[in-house]
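Each chain is listed here by its residues.
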Amino acid sequence: MNISKEFSKNMSQDGSVVPVIKEEENSSFIEVYQENIPNEANGQDERTKIQLCWDNVSYVIDRKGEETQILKSISGKANPGELLVLMGSSGAGKTTLLNILAGRLKSSNNAKIIGKITANGTDIKDLDFGYYSAYVTQEDILLPNLTPRESLMFSSRLRMPGNYQEHVDRVNGIINDLRLVKCADNIIGSITKKGISGGERKRVCIGMELITDPIVLILDEPTSGLDSFTAEVVIDLLIEQAKKGRTVMSTIHQPSTSMFDKFDKLILLAEGHLVYQGRASESTKYFAKIGYECPKLMNPADYYMRLLHVVDRKHHTEEEHEKIEKIVSAYNSIEQNDGDYDKSKLEPLQTKHLASPTNFVTQFALLFRRAWINGRRDPLAGQLLFIEYIMMGVLIDLLCNNLAKNYNSSTTRTQTLFLCAAAVGFYSCQNAAMQFPSETPIFLKESKQRIYSTTSYYLAKSLADLPMQFLPNFLFCLIIYWAIPFNDYDASKFWIFYFLLTLLQINALGVGYVLGSCVKTETIALAITPVFLQPMMLWSGLFPHVDSYPAGFAWVQYFSVRFI
Ligand SMILES: Nc1ncnc2c1ncn2[C@@H]1O[C@H](COP(=O)(O)OP(=O)(O)OP(=O)(O)O)[C@@H](O)[C@H]1O
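Residues numbered from 1 in each chain as written. Predicted model: local features only at pLDDT ≥ 70, side-chain atom pairs only at ≥ 80, totals over all residues.

Here the focus is the overall build of the protein. Of regular secondary structure, the protein possesses 18 helices and 10 strands. In the protein, which comprises 564 residues, the share counted as buried stands at 37%. Restricting to contacts in the protein with at least 6 residues of sequence separation, those with at least 24 account for 77%. (Helix = DSSP H or I, 4+ residues; strand = E, 2+ residues; numbered from the N terminus. Buried ≥ 20, exposed ≤ 12 C-beta atoms within 10 Å, placed from the backbone. Contact = placed C-beta atoms within 7 Å.)

What follows is the structure, given as structure tokens:
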């Protein structure tokens, strides 16, 4: 393992590491967690600590046969009890490095990760590293209609063992730690719906990860978009977490001088190269030594950003090229040694995969309740659906009412039924397609963490939405059936009419869910729904009739949500 002299000579010899986990061959996650409960007697948790090391890590992507090296042989380590901050100009590779270290980025056909990453000496590829670490993404991935308390509570109940009171206590502890008491019961909100502030939202995101009491906490730009005071509150929070013995790594954009002074360790990246690794407080001395002295009254973070900035990453000017070369070779010429954290205090981690703490039924029940609350607090979508159905019902009535007086023509009957089927199919499909895109990031994040199965999520989400779908359809059928004499107003036949339209609706919802889960935004979901539905209407058998299809084309009728 190569690390810089600057870094290693300043490493603390933390004698307070007290590893606790001693897993049996077949112990479950619940048992591991219970052994892992922190004892904060001396401010430090008496539990496993993790030192994360990375050795000559490179990331190479292949773009149309042209290889680009995003990270260039980077080595380093993050120690327990310290806040390690990654900085560098935009595009330097900070997020890429964090993603690789967190095990979120894997080698693929056109992207290769080279090098080795270990946690307490074990390759993270052999570990269920997600159970030891937590990753807070740059974007706030939260359900907008829940409160911070509800979000934390669902997260705790889905991810951790324990009875209801234990979850309540854990959530209250986190709300207090993150200073969220004032806003704990307010709606989180979104861009379009005012809720808690940006800083509070960021702290909720951090809380959602702290709920599992992770040993390694990794954050991508947790302070971006926050004012300097709120940003400092977030940094203080990270320092508190580090003081508890956690290994905390974060990228930070533009820290203020007072924030910078609080960082324990600093990693600076330039164009995928490592150009500094060591104590943040020693960095100005180091750069002065290699010929880049930070002006006395200038924020060192600002100075490094300007120093390492390049205008066009693909086409460096000669001056930029020489500067980066000089800083990189100065760093590489420093004698490397391995003296650092006392490794004898680090316990090897278990390599087997750990089971989820909740079973299918619990997952379904919690996800159903979450989806139900989130859906009911966003009445607009439901109200729109009611308006659409009632409006269409009234319009069909108006159009077909006259025909009803002489309702013997089977053509008219067929056309009216087609209009009903088209309305129900279209509205249901479009509404269902709109359900998923906004929740896709939440689902992807949670399913990557293996908090629940895809089946439990899908069932809970779609069943929680069903009442809101069925009710407007029922009103639509009431309006249509009693206005148009399909069956001489035979009341018993109404239920057959309603049942058939409900079957069609369930079909359309299924198609809508598939479409919605394939796209990233609601706008795309809205745009692609007609693309799928219109051909289905075309070969529904009405225009033209199935009997008149060209030879060999009769099979297309089976790819339609057919009602007639
Ligand atoms: N899979 C990929 N395909 C193509 N380019 C990529 C890929 N992953 C990363 N990059 C490029 O690698 C560079 C580093 O990206 P990264 O997101 O790590 O930068 P960063 O330092 O976090 O920047 P910022 O501070 O702006 O978020 C960028 O130029 C990015 O476009």
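Okay, back to it.
With that settled, consider unusual backbone geometry. Phi is positive for Glu271, close to 50 degrees, though the residue is something other than glycine. Accessibility expressed as a C-beta count within 10 Å gives 24 for Glu271, which makes it buried.

A few words on the sheet that holds strand 2 (residues 66–78). Strands sit in the order 2-1-4-5 across an open sheet of four strands; the sheet is antiparallel. Pairing within the sheet leaves two strands with one partner each, and these edge strands are strand 2 and strand 5 (122–123). Where strand 1 (residues 52–63) meets strand 4 (residues 111–119), eight bridges bridge the pair, whose relative direction is antiparallel. The residue of strand 4 that forms the bridge with Leu52 is Ala119. Together, strand 1, strand 2 and strand 4 form the strand contacts of helix 3 (residues 94–101), whose direction differs from that of strand 1 by roughly 120 degrees. (Pairing = 2+ DSSP bridges. Axes fitted to C-alpha atoms, helices over the stretch in contact; angles between N-to-C directions.)

Time to look at the environment of Leu158. Following the sequence through the fold, Leu158 ends up in helix 4 (residues 148–159). Taking the C-alpha atoms as reference points, Leu158 and Glu446, separated by 288 residues in sequence, lie 9.9 Å from one another. With near-sequence residues (within four places) excluded, Leu158 lies in contact with Thr358, Gln363, Leu366, Ile451 and Tyr452.

So, on to the pairing of strand 9 (residues 265–270). Counting buried residues in strand 9 gives six out of six residues, a clear majority hidden from the surface. Residues Lys265, Ile267 and Leu269 point to one face of strand 9 and Leu266, Leu268 and Ala270 to the other, with burial holding for every one of them. Pairing geometry for strand 3 (residues 83–88) and strand 9, over five bridges, is parallel. Paired with Leu86 across the two strands is Ile267, which belongs to strand 9. In the sheet, strand 9 pairs with strand 10 (residues 273–279) via six bridges, with the strands oriented antiparallel. The partner of Leu269 across the bridge, within strand 10, is Leu274. Adjacent in sequence and paired antiparallel, strand 9 and strand 10 are bridged by two residues, among which Glu271 carries a positive phi angle near 50 degrees.

Turning next to the confidence of the model for the protein. Per-residue confidence for the protein gives a mean pLDDT of 81; residues scoring 70 or more make up 85%. Here residues 1–45 scores under 50 on pLDDT; set against residues more than four positions off or in separate chains, the count is 94 contacts. Two summary scores accompany this predicted model of the complex, namely pTM at 0.77 and ipTM at 0.95. (pLDDT = per-residue confidence, 0-100.)

This part covers the site of the ligand. Around the ligand lies a shell of 12 residues, among which Ser90, Gly91, Lys94, Thr95 and Thr96 are the nearest. Tallying contributions element by element places helix 3 first for the shell around the ligand, with three residues. Of the residues assigned to the shell around the ligand, the class counts are four nonpolar, six polar and two charged. (Near = placed C-beta within 6 Å. Nonpolar A, V, L, I, M, F, W, Y, C, P; charged D, E, K, R; others polar.)

Quick look at the sheet that holds strand 8 (residues 247–251) now. Taken together, the six strands give an open sheet; going across it, the order is 6-7-8-3-9-10, and neighbouring strands pair in mixed fashion. For this open sheet the edge positions go to strand 6 (133–136) and strand 10, each flanked by a neighbour on one side alone. Pairwise comparison of adjacent strand axes, ignoring direction, gives a mean angle of 15 degrees for this sheet. Sheet topology places strand 6 next to strand 7 (residues 216–220); four bridges connect them, and they run parallel. Counted as the bridge partner of Val136 is Leu219 from strand 7.

Glancing now at the packing of helix 12 (residues 360–376) against helix 16 (residues 454–481). Here helix 12 crosses helix 16 at 40 degrees, and the two axes come no closer than 8 Å. On the basis of their axis angle, the class for helix 12 and helix 16 is oblique. Seen along the crossing, helix 12 lies across helix 16 with a hand that is right-handed. Contacts between helix 12 and helix 16 pair Phe360, Gln363, Phe364, Leu367, Phe368, Ala371, Trp372 and Gly375 from the former with Ser456, Tyr457, Leu459, Ala460, Lys461, Leu463, Ala464, Asp465 and Met468 from the latter. Across the contact of helix 12 with helix 16, the residue classes tally to 12 nonpolar, three polar and two charged. (Parallel < 35°, antiparallel > 145°, perpendicular 65-115°, else oblique. Left-handed = near helix turned anticlockwise from the far one by under 90°.)

Here we come to the packing of helix 17 (residues 491–518) against helix 18 (residues 522–538). As a packed pair, helix 17 and helix 18 sit with axes 10 Å apart at the nearest point and diverge in direction by 135 degrees. The angle between the axes of helix 17 and helix 18 places the two elements in the oblique class. As for how helix 17 packs across helix 18, the hand of that crossing is right-handed. For the pair helix 17 and helix 18, contact is made by Val511, Leu515 and Gly516 and by Ala525, Ile528, Thr529 and Phe532, respectively. Along the lines of polarity and charge, the residues of the contact of helix 17 with helix 18 split into five nonpolar, two polar and no charged.

Another point: the nonpolar core. Generally speaking, soluble globular proteins have nonpolar side chains that are buried together. Counting 94 residues, the largest nonpolar core has Val85, Leu101, Ile218 and Leu268 as the members making the most contacts within it. At six residues, helix 7 (residues 228–243) tops the list of elements feeding residues into this core. Split by domain, the residues of this core number at least three in each of domain 1 (5–132 + 214–345) and domain 2 (363–559). In contact with Leu101, not counting residues within four places along its chain, are Leu52, Trp54, Ile117 and Ile218. (Core = buried A, V, L, I, M, F, W, Y, C linked by C-beta atoms within 7 Å. Domains from an automatic or database assignment.)

So, on to helix 6 (residues 198–210). With 13 residues, helix 6 extends 18 Å between its outermost C-alpha atoms, agreeing within 8% with the 18 Å of an ideal straight helix rising 1.5 Å per residue. By the criterion of burial, helix 6 is predominantly enclosed, with 12 of the 13 residues buried. All of the buried residues along helix 6 are Gly199, Glu200, Arg201, Lys202, Arg203, Val204, Cys205, Ile206, Gly207, Met208, Glu209 and Leu210. On its buried face, helix 6 sits against strand 6, helix 4, helix 5 (164–177), strand 7 and helix 7. (Expected span 1.5 Å × (residues − 1).)

Quick look at the UniProt feature "transmembrane region" (unreviewed entry) in the protein now. UniProt tags residues 380–400, 466–484, 496–516 and 523–542 as "transmembrane region" (unreviewed entry). The span residues 380–400 shows a helical share of 100% and a strand share of 0%, and its end C-alpha atoms are spaced 30 Å apart. (UniProt positions renumbered as here; feature names shortened; annotations may be inferred.)

With that out of the way, let us pick up the pairing of strand 7. Counting buried positions along strand 7 gives five out of five residues, so the element sits mostly inside the fold. Residues Val216, Ile218 and Asp220 point to one face of strand 7 and Leu217 and Leu219 to the other, with burial holding for every one of them. Sheet topology places strand 7 next to strand 8; five bridges connect them, and they run parallel. Paired with Ile218 across the two strands is Met249, which belongs to strand 8. Once the chain exits strand 7 it traverses helix 7 before rejoining the sheet at strand 8, and the crossover so formed is right-handed. (Right-handed = clockwise from strand over helix to strand, strands pointing away.)

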